[in-house]
Amino acid sequence: MSGALTVGLLLLWGSACLWLPSPARGDLVIPGPDGAAEEARRPARSLQKRSTQAVMVEVHSVKVDCAVTSRFAHTVMTSTALNKANVSQEIFFEVELPKTAFITNFSMEIDGQVYVGEVKEKEQAKKQYEKAVSSGQTAGLVKASGRKMEKFSVSVNIAAESNVTFVLTHEELLQRKLGQYEILTRVKPKQLVQEFQIVTNIYEPQGISYVETHSTFLSNELLPLVEKTVTEKKAHIAFSPSLDQQRKCPDCDGTLIDGDFVITYDVNRATSLGDIQIVNGYFVHFFAPPGLPRVPTNVVFVIDRSGSMSGNKMHQTREAMQAILQDLKEDDYFAIVEFNGEINCWKETMTKATKENVTQAVGFVKQLYSRGGTNINDALLRGVNMLLKDKVEKRIPERSIDMILLLTDGMPGPGETDPKKIQENIVSANGGNTTLFSLGFGNDVDYAFLNVLSQGNKGMARRIFEASDAALQLKGFYDEVSSPLLSEVDLRYPDNAVDFLTTNHFSQLFNGSEIVVAGRLVDNNLDNFLVEVVGQGFEENFQVQGQTSALDWDTIYPDEKYIFGGFTERLWAYLTIQQLLEKSKSGSQDEKAKALDMSLKYSFVTPLTSMVVTKPETEDGPDSPLIADKLTEEERQQEERNRGYHYHSAPASPYPAYSGAFPPSYFVDGDPHFIIELPDRDDALCFNINDKPGTIYNLVKDTKSGILVNGQIIGDKQIPPDGKIYTYFWRFGIIHKHLGVRMEVSTKNVLVLQDGNRVRLQWSNTTSLKGDNMDILLTKDRSLTVTLKDSVKFVILLHKVWKNHPYHRDYLGFYTLDTHLLSPSVHGLLGQFYHGIEYEVSSLRPGEVPEKPDATMYVKGQELNVTRGWQRDFRRDVKNGENVPCWFIHNNGTGIIDGDASDYIVSGIFKTV
């Protein structure tokens, strides 16, 4: 746009109403003073001094308003930004939603003109999008983001002295998992906000049993700002810190608001019939009766030990299976079928889960190793036949529930390789007797195949992400399904009283979960509504019936102006669409057509529809569309593959390609502080390395690429008054063997050797060198940027102190960019993190310092005590740096680095040992 100034005002926030155990997240980005929103998180941030030109964009407000009524969550996210400059500026809006939520509205209000989204059939929207792309205009798309999220982003040019308000709405039905519902709001403003507010109202006519609130960022100062009011049927939670209350310190611009704001709750369950609510001609029935005994299970664990399961996958599988086996109850029966190209059973019949048998089974799984193919068909048939035979021969109890838990990471083969034929074989052999749960491990598994396979056998599939917490994911899923209370559950209603009923037959009801059925009433004036529920329990059949009447919401909530009184109809529509979409995966076009019609009618963005928003016309051209989509799990999986989400998943090329919008950055600076940025998580990890001055560490070693980077530390001139000995990196040795490059970078000068040539550069001059294999840019007394051909880029910062400083010396900071161009085998203190690291953080608790809470981190199969703190990134401001919030790992990075810090000590600046 002619004369336009594109600015970046970074503001990350978001909200998501969802369920346990995997919290969803929501982020919003509005660009501003320090560069475009993408650049604010991109590692290749400019190393030039900041422009002195004032960039006047004010984020006036950020508000999250979540109303949960009878488990149906309606979330509105609103943000207003004002352009105070005399030139137009670009504002970015980016929000992450739980993948189970449906966007229902998105609008932009610019100087009183409102631009509202319209839900259209996906193919129709796609044509409009392709037309915009072909004409050079921009179009926004939803992309996968992490395990449970979808990211929607949009940008718009705002005229001088104008403002824009973004409003995004999404809805979803909260599912009860492990005995509770969860509402999670992720907030990452990155800066102070004039009006910041999170408000959640929970309306539960069934009665609220408890409400709990916690956060990863609530200090002792912020905790009193959380308002929580709970009555019998309503809860109100609000968090609205003032500008000064958001500050890290009285004179700081940094914000304390950085992390997750979590609300968990459950409802009263006084009757075995459940809770039936009738509003505006639609009803919803919630069924989770209290006090039912657990039904024993007969479970066959079918475990893939093919070659592709080698390494960490097999280790995590063994770890998870040991924990799962030890959680079996003594009245359970179990079996283990492990397979590759061949099938091997621990025992040929089901075994009672006595302590002695469990101990023997744990010993068996400890010996599992991986090699060979993936004969899924024969392995599942062996498990099905074992259950059927033992049932017939009465070796397992009649009043028990049969299930198979399949864990695999690959495509079928050898044996039967046709997915459709395998599905047919298992359904035929099973005959509807056994529930099959399929866990797809990693990013190469055929999830669509596993999903249809499980649905055809009364179960469900779930992806297990190849990460350090994979064992916890496996164990977490088993915890959800290991305590069945009822089987073959039917919820019955009068045929002449209801139509358009959602699924009302369920294979199992598990402890801590909930069954939900919704439908439309034929007679809106129905006074009494007969309901019956039947199922098979532990000792006897379950049967209960009763009558219910429509609720008078005005009586229950007399002082509330309820914002979407037709929630029962929208809940019914949401549930119906979800179930139709699942059925359509088996190839039914009729269900697909119905789901499309309902998505359009209720303005839900589903995998069959898109929301189209027309951007306003600008000086650069006519108006252009922005498109919000909903991804299927298969589309998410493919996108993750395309982005190189898991580099070790055998990419086609020798080195993986990274096409993500925000590649991560890794650096070491200060005393020496190691920082691992993880933009996909909007987070960072950090640790320090302490040793005696003169020690040389290997930072990066990639034998395939021929790259080596070592660094030597130096100490202060003398011990400071506080008695703490500080060390810093003062010299780096860099080798690129294939390009014939060798560099020694110190606080004194830069020595470059290539092809027999020797060049010495001084920090006192600005210099640039360009060659066939390497470019060098030295900015006087500030930074050195080394760009290696078709490879990694290094940035080294020079920190100069007062020449006669009594304690400190000059030192260097080392930053790595474009690390995705290195091979998967890269290692070193920094290099081992170049392809990402998976972890989970929980159990937040007060730390030694009030503003730095402790937590438990699950990483690399270990539990670590970590502390929330921050380190400094000096790329933008060499003198003062910028705070980077991170989880600090203690004791020289023990637990997060491979081995011990001493393992990385080398004997020379260009040595490998």
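Up top is the structure.
Residues numbered from 1 in each chain as written. Predicted model: local features only at pLDDT ≥ 70, side-chain atom pairs only at ≥ 80, totals over all residues. Heavy atoms only, no water.

1. Some remarks on the pairing of strand 6 (residues 102–110)
Right, on to step 1. Counting buried residues in strand 6 gives seven out of nine residues, a clear majority hidden from the surface.
Right, on to step 2. Sheet analysis places strand 6 next to strand 11 (residues 163–173), joined by eight bridges and oriented antiparallel. From the neighbouring strand, Phe102 faces strand 11, where its bridge partner is Glu171.
Right, on to step 3. Where strand 6 lies against strand 7 (residues 113–116), four bridges are found, and the strand directions are antiparallel. Each bridged residue has a counterpart across the sheet, and for Ser107 the counterpart in strand 7 is Val116.
Right, on to step 4. Counted along the chain from strand 6 to the antiparallel partner strand 7, the turn is two residues long, and its residue Asp111 has a positive phi close to 50 degrees. (Buried < 20%, exposed > 50% of the residue type's maximum accessible area, 1.4 Å probe, protein only. Helix = DSSP H or I, 4+ residues; strand = E, 2+ residues; numbered from the N terminus. Pairing = 2+ DSSP bridges.)

2. Section: the packing of helix 11 (residues 567–584) against helix 12 (residues 589–601)
Right, on to step 1. Where helix 11 contacts helix 12, the two axes come as close as 8 Å, and the packing angle between them is 150 degrees. In terms of their interaxial angle, helix 11 and helix 12 are classed as roughly antiparallel. Between helix 11 and helix 12 the crossing geometry is left-handed. Seen from helix 11, the contacting residues are Trp572, Ala573, Thr576, Ile577, Leu580, Leu581, Lys583 and Ser584; seen from helix 12, they are Glu591, Lys592, Lys594, Ala595, Met598 and Ser599.
Right, on to step 2. A per-class count over the contact of helix 11 with helix 12 returns seven nonpolar, three polar and four charged. (Axes fitted to C-alpha atoms, helices over the stretch in contact; angles between N-to-C directions. Parallel < 35°, antiparallel > 145°, perpendicular 65-115°, else oblique. Left-handed = near helix turned anticlockwise from the far one by under 90°. Contact = heavy atoms within 4.5 Å. Nonpolar A, V, L, I, M, F, W, Y, C, P; charged D, E, K, R; others polar.)

3. Description of the packing of helix 4 (residues 312–327) against helix 5 (residues 355–366)
Right, on to step 1. Running from N to C, helix 4 and helix 5 cross one another at 175 degrees; their axes reach a closest spacing of 9 Å. Here helix 4 lies roughly antiparallel to helix 5, going by the angle between them. Residues Arg318, Met321, Gln322, Leu325 and Gln326 of helix 4 touch helix 5, and the partners they reach there are Val358, Ala361, Val362, Val365 and Lys366.
Right, on to step 2. Taken together, the residues of the contact of helix 4 with helix 5 break down into six nonpolar, two polar and two charged.

4. So, the pattern of salt bridges
Right, on to step 1. Applying the stated criterion across every chain yields a total of 32 salt bridges.
Right, on to step 2. For Arg247, the salt bridge is made with Asp244, and the minimal N-O distance between the two is 3.0 Å.
Right, on to step 3. A salt bridge links Asp402 to Lys391; the shortest N-O distance between them is 3.6 Å. With a gap of eleven residues between them, Asp402 in strand 24 (residues 401–408) and Lys391 in helix 6 (residues 376–392) connect regions that are remote in the sequence.
Right, on to step 4. On the basis of relative accessible area, Lys391 is assigned to the partly exposed category, the value being 27%.
Right, on to step 5. Because the salt bridges share partners, they merge into one network encompassing Arg71, Arg176, Glu204, Asp266, Arg269 and Glu514. (Salt bridge = Lys/Arg side-chain N within 4 Å of Asp/Glu carboxyl O.)

5. Notes on the packing of aromatic side chains
Both the distance between ring centres and the angle between the ring planes are used here to describe each pair of aromatic rings.
Right, on to step 1. Enumeration over the complete set of coordinates arrives at 29 aromatic pairs.
Right, on to step 2. With a centroid separation of 5.1 Å and an interplanar angle of 90 degrees, the aromatic rings of Tyr203 and Tyr557 are classed as edge-to-face. In this pair, Tyr203 is assigned in strand 13 (residues 195–203) and Tyr557 in the loop between helix 10 (553–556) and helix 11, connecting sequence segments 354 residues apart.
Right, on to step 3. The exposure class assigned to Tyr557 is buried, which follows from its relative accessible area of 8%.
Right, on to step 4. On the numbers, 5.1 Å between centres and 40 degrees between planes, the contact of Phe732 with Phe814 is tilted. Taken together, the residues Phe732 in strand 40 (residues 727–736) and Phe814 in strand 48 (residues 811–817) connect sequence positions 82 residues apart. We note that Phe732, like Phe814, is buried.
Right, on to step 5. Stacked on the ring of Phe910, the Lys or Arg Arg742 has its end atom at 4.6 Å from the ring centre. (Phe/Tyr/Trp six-rings, centres within 6.5 Å; stacked < 30°, edge-to-face > 60°. Lys NZ or Arg CZ within 6 Å of the ring centre and 35° of its normal.)

6. A few points about the side chain of Thr747
Right, on to step 1. With respect to the helices, strands and loops of the structure, Thr747 is situated in the loop between strand 41 (741–746) and strand 42 (749–754).
Right, on to step 2. Judged by its relative accessible area of 11%, Thr747 is buried.
Right, on to step 3. With sequence-adjacent residues up to four places away left out, Thr747 is seen in contact with Trp730, Trp763, Leu798, Asp810, Tyr811 and Leu812.

7. Section: helix 12
Right, on to step 1. For helix 12, spanning 13 residues, the distance from its first C-alpha to its last is 18 Å, which sits close to the expected 18 Å at 1.5 Å a residue.
Right, on to step 2. Every buried residue of helix 12 is listed here: Glu591, Ala595, Leu596, Met598 and Ser599.
Right, on to step 3. The elements touched by buried residues of helix 12 are strand 8 (118–121), helix 11 and strand 33 (609–614).
Right, on to step 4. Where helix 12 ends, the next residue or the one after it, Ser603, has phi of about 55 degrees, a positive value. (Expected span 1.5 Å × (residues − 1).)

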